[in-house]
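So you can see what is in the structure, the chains are spelled out below.
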Amino acid sequence: MSKDLNRLLRPKSIAVIGGGAWCQQVILQSERMGYAGHIWPVHPKAQDIAGHSVFARLEDLPQAPDAVFIGINRHATIEAVQALSAMGAGGAVCFASGFSEAVAEDDTGGDLQDHLVTATGDMPILGPNCYGFINALDGALLWPDQHGATPVDKGVAILTQSSNISINLTMQKRALPIAYMVTCGNMAQTSQAEIASALIDDPRVTAIGLHIEGFKDIRQWEALAATAHAKGIPLIALKVGASEQAQAATVSHTASLAGSDAGAQALLDRLGIPRLSALPDFLETLKLLHCYGPLPGGNIASISCSGGEASLIADMAHDTGLTFPHLAEEQKANLRDALGPMVALNNPLDYHTYIWRDEDAMARAWSGMTGDGIDLTVSIVDYPTTDPTDWACASRAALKVRAETRARFAVAATLPELLPEEVARELIAGGVVPLMGLREALSAIRAAGQISAPADTPVHRPGTAKTTHMLTEAEAKKALAEFGLHIPQSRTVRGAENAANAAQAMVPPFAVKSIGLAHKSECGAVRLGIQAEDVAHVAADIGTDEVLIEEMITGTVAELLIGVVRDPAHGFVLTLGAGGVLTELLRDTVSLLVPSSPDAIRTALSQLKIAPLLAGYRGQPPADMDAIINAVQAVQAYVMQNADTLGEVEINPLLCTPDTAVAVDALIRKA
């Protein structure tokens, strides 16, 4: 990341250009948060703004300001940015709208944004069309509206393009300490990845949450992920929207199965950034990361005084990837000592109410659910809205467990509103993470256990050439075979007589296929199990002048799809899935980005629903996984060699046997 945002985000002086209510709020917000630096209003006519003497011109300021809120119209904003850049200001927030986001209504918006970027020079800006940022650590708020942030000594950083969502997030009542709230606006000059990279430099930031509408520069995101991992700062994302895949001429199954969002998911997976789908889950995950950082995995223990809650968390965790390990003998001994003989010992555990209000006994029982192999212990406690004082024993017991065991420990309410904010703050202060809502809690635990190191190899970026040329099946197979893909013995011929002669030189049975149709099986243009004496008749009946005759593969364990489509926003999306007639029926796929390592490919294949077939199902022989991975690697090699002109590649099916993997159909679209 090349831009230095330190002066802008952590300013010792703030200038505010403009005199309206928005600009007055910027001054008042910083003062209320205890900002100790200089505040300099700039306005050509006003004498006093929010109790501060006003400078008529930027040139009258005592020195170049570190951070500037520009609250004037779009045309004047460009002039101000140019002047600030020339005087060496640290950076600016461009509040005005009417730039690229307004192109549909105003043809000048795009040009104005270009002029704005030119005017910035080396000075970083946020926006335009941007609310700015809240620095709750230093009390610096270049922020023109209401917010719910409070001063903190350390906390999480949140970045979003949506000013309205950012306001809402600051109003959370979940005891999440927010150190920075940054809105990115149009990102005309400074990207979300660059801002996040600058925030990582602040040792008071414990985790970063990214509300992402789109990825501008993949290389910046790769650099951010690498830096964050090296510094131990976890990143999570709430990715919305869909990328534009520019597949006007799509003809493969791959493109329809992958969808426009597959590239975004594959990129986040590659960067080691877990993806959340809802704002409450997003906030709860940040809270968990603030308290404990990434979890080693998804092994959890749950304890509650209700069998209903024990069953509820077990059911809700089903299919999330979270597991409840069986209790070890040492855990059982500790639990039996604390609970006596009348409680059935399981995980999740219903400890009944025999020990309620006995804080020491509660702490001993809850401690019994911690230990080696447990990544997080969850005590389910719902505090009543009528009189929560009788539940204070639960808070004290949780704090005692954390103090005595140092284990990662959570108190989770089944409903978000049944864990009061003041209780949550008390728990966080004592090292216990309060999780509001059982669904949100499980989502947060899952995400916190998915944070991983980013891939070492950068994503291979595609070209932009218009890809309208379709290779024939024979041409596509030949091209891929040159990179190591196994294909059947075959002949391409015209006419029934030539077809009969070709069959004499190969081993039956045969597959006879038309040449020139994209989805041959849907047109009845694929005939299987043909004997040599029938080839001439089938070739004459198939419907095209040119036909492909190839030897059939026997002993198939499973059929796979290997597909790659060009995604301008994310690179080449590699899709692996169930192939053949099951492709559309099962829609069983997983997506990666090119290039992916053999280990990543093997892991992806294990996630498919048909993975048991590949492993050898019900006594059947397993597929040759090395051969399958080699086939995928061959496709990747072809893609990278032809990246500038390639639109998509598909093999469907790849026939997988115990000792080989053979592509019996292939499609390539390129320039």
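Model, not experiment: these values are computed from the prediction.

S.K.: Explanation requested: helix α15 (residues 421-429) in the structure shown.
M.R.: For an α-helix the count is 3.6 residues per turn, leaving residues at separations of three or four pointing the same way. Among the residues making up α15, those that are buried are E421, V423, A424, L427 and I428. Angularly, the buried residues of α15 cover 155 degrees about the axis, an arc narrow enough to put them on a single face. With respect to the buried face of α15, the exposed residues turned more than 90 degrees away are E422 and A429. Where the residues of α15 are buried, they touch α10 (279-292), α14 (392-405), β17 (409-413) and β18 (433-436). Looking one or two places after α15, you find G431, whose phi comes out positive at around 90 degrees.

S.K.: For this particular structure, what's the right way to read the state of the cysteines?
M.R.: Taken as a whole, this structure holds 0 disulfides when the rule is applied. The thiol of C184 is not disulfide-bonded; the next cysteine sulfur, from C130, is found 7.1 Å away.

S.K.: Help me understand the sheet that holds strand β22 (residues 526-530) in this model?
M.R.: Consider a sheet: its strands pair through backbone hydrogen bonds, and that pairing is either parallel or antiparallel. In spatial order, the strands read β20-β23-β21-β22; together these 4 strands make up an open sheet with antiparallel pairing. Bordering the open sheet on either side are β20 (490-494) and β22, each of which pairs with just one other strand. Neighbour to neighbour, the strand axes of the sheet diverge by 20 degrees on average, direction disregarded. With 5 bridges joining them, strand β21 (residues 510-514) and strand β23 (residues 546-551) adopt antiparallel strand pairing. Looking across to β23, one finds that A511 is bridged to E550. In the packing of helix α17 (residues 473-481) onto the sheet, the strands contacted are β20, β21 and β23, and the crossing angle to β23 comes to about 45 degrees. Helix α18 (residues 496-504) contacts β20, β21 and β23 of the sheet and is inclined by roughly 160 degrees relative to β20.

S.K.: Sorry, what's going on with the pairing of β17 here?
M.R.: Within a regular strand, side chains alternate between the sheet's two faces. Among the 5 residues that make up β17, 5 are buried, leaving the element largely enclosed by the rest of the structure. Sheet topology places strand β16 (residues 376-380) next to β17; 4 bridges connect them, and they run parallel. Bridge pairing links I380 to A412 in β17. Where the polypeptide runs from β16 across α14 and back to β17, its parallel neighbour, the crossover connection is right-handed. Pairing geometry for β17 and β18, over 4 bridges, is parallel. Following the sheet pairing, A413 is matched in β18 by M436. Once the chain exits β17 it traverses α15 before rejoining the sheet at β18, and the crossover so formed is right-handed.

S.K.: Just to check I follow, could you spell out helix α9 (residues 262-271) for this structure?
M.R.: In terms of residue burial, α9 counts as a mostly covered element, since 8 of its 10 residues are buried. Residues of α9 that are buried: A262, G263, A264, A266, L267, L268, R270 and L271. In the stretch just after α9, G272 is the one whose phi turns positive, near 75 degrees.

S.K.: Mind showing me how you'd approach the sheet that holds strand β9 (residues 140-142) here?
M.R.: Pairing in this open sheet of 6 strands is mixed, and the strands run β9-β8-β11-β10-β12-β13 from one edge to the other. Lying at the two open borders of the sheet, with one neighbouring strand each, are β9 and β13 (235-239). Going across the sheet, the axis of each strand differs from the next one's by a mean of 15 degrees, ignoring polarity. In terms of strand pairing, strand β8 (residues 133-135) meets β9 through 3 bridges, oriented antiparallel.

S.K.: It is not clear to me how the nonpolar core should be interpreted in this structure. Could you clarify?
M.R.: A general trend in soluble globular proteins is that nonpolar side chains are found buried together. Judged by nonpolar contacts, the single largest core of 144 residues is most densely connected at I208, L339 and W366. Looking at this core, the element that brings in the most residues is helix α16 (residues 438-448), giving 7 residues. The contacts of W366, once residues within four sequence positions are left out, are I303, Y351, T377, S379, V381, A394, A397, A398, V401 and F409. Counting 44 residues, the second-largest nonpolar core is a separate cluster that includes V594, M625, A627 and V639.

S.K.: Is there a simple way to think about the pairing of strand β29 (residues 666-670) in this case?
M.R.: When you tally the buried positions in β29, you get 5 out of 5 residues, the bulk of the element. Alternating positions in β29 separate into two faces, A666, I668 and K670 on one and L667 and R669 on the other, with burial throughout. In this structure, strand β19 (residues 469-470) lies alongside β29, joined through 2 bridges in antiparallel fashion. From the neighbouring strand, H469 faces β29, where its bridge partner is K670. As judged from the 5 bridges shared by strand β27 (residues 646-656) and β29, these two strands associate in the antiparallel manner. Bridged to V649 within β29 is I668.

S.K.: Help me understand the pattern of salt bridges in this model?
M.R.: Between side chains of opposite charge, a pair can form when the charged atoms approach closely. Under the definition given, this model contains 28 salt bridges. For R439, the salt bridge is made with D281, and the minimal N-O distance between the two is 2.8 Å. Here R439, found in helix α16, pairs with D281, found in helix α10; they are 158 residues apart in sequence, far enough to count as distant. Exposure remark for D281: the relative accessible area of 2% places this residue in the buried category. Between E421 and R425 there is a salt bridge, and its shortest N-O distance comes to 2.6 Å.

S.K.: Just to check I follow, could you spell out the packing of helix α12 (residues 329-339) against helix α13 (residues 359-367) for this structure?
M.R.: Each pair of packed helices can be described by the angle between their axes along with the distance between the axes. Running from amino to carboxyl end, α12 crosses α13 at an angle of 160 degrees, the nearest separation of the two axes being 8 Å. With respect to each other, α12 and α13 are oriented roughly antiparallel. You can see that α12 and α13 cross each other, and the crossing is left-handed. Along its contact with α12, which presents L335, D337, A338 and L339, the element α13 presents A361, R364 and A365.

S.K.: Looking at this structure, I do not really get the environment of A86. What am I missing?
M.R.: Locating A86 in the fold gives a position in helix α3 (residues 74-87). Relative accessible area serves as the criterion here: at 71%, A86 is assigned to the exposed category. C-alpha separation for the pair A86 and A64, spaced 22 residues apart in sequence, amounts to 9.6 Å.

S.K.: For this particular structure, what's the right way to read unusual backbone geometry?
M.R.: Most peptide bonds take the trans form, and the phi angle of most residues other than glycine is negative. P348 follows N347 through a cis peptide bond whose omega is 5 degrees. Structurally, the position occupied by P348 is in the loop between α12 and β15 (349-350). Omega for the peptide link from P508 to P509 comes to 0 degrees, which places this bond in the cis form. When you line up the elements, P509 lands in the loop between α18 and β21.

Each value, and the rule that gives it
- Along each chain, numbering runs from 1 in the same order as the chain's sequence is written.
- Note on the predicted model: pLDDT of at least 70 is required for a residue's local features to be given, and 80 or more for side-chain atom pairs to be given and counted; whole-chain, interface and lining totals, by contrast, use all residues.
- Values shown for side chains rest on all heavy atoms present in the structure; no hydrogens or waters enter the calculation.
- Only protein chains enter the area calculation, which uses a 1.4 Å probe; residues under 20% of their type maximum are buried, those over 50% are exposed, and those in between are partly exposed.
- Numbering goes from the N terminus for both helices and strands, where a helix is a DSSP run of H or I of at least four residues and a strand is a run of E of at least two.
- Throughout, the arc means that of the directions going from the helix axis to the C-beta atoms.
- A contact between two residues is defined here by any heavy atoms of the two lying within 4.5 Å.
- The criterion for a disulfide is a pair of cysteine sulfur atoms lying within 2.5 Å.
- Only strands joined by at least two bridges in the DSSP assignment are considered to pair.
- Fitting a line to C-alpha atoms yields each axis, with helices limited to the stretch in contact; the angle taken between N-to-C directions then spans 0 to 180 degrees.
- For a crossover, the right-handed case is the one in which the path from the first strand over the helix to the second runs clockwise, viewed with the strands pointing away from the viewer.
- By convention a nonpolar core is built from buried Ala, Val, Leu, Ile, Met, Phe, Trp, Tyr and Cys residues, the set being connected through side-chain atoms within 4.5 Å.
- We define a salt bridge as a side-chain nitrogen of Lys or Arg found within 4 Å of a carboxyl oxygen belonging to Asp or Glu.
- In these notes the angle categories are as follows: under 35 degrees is roughly parallel, over 145 is roughly antiparallel, 65 to 115 is roughly perpendicular, and the rest is oblique.
- Should the near helix be turned counterclockwise from the far one by less than a right angle, the crossing is left-handed, whereas a clockwise turn marks it as right-handed.

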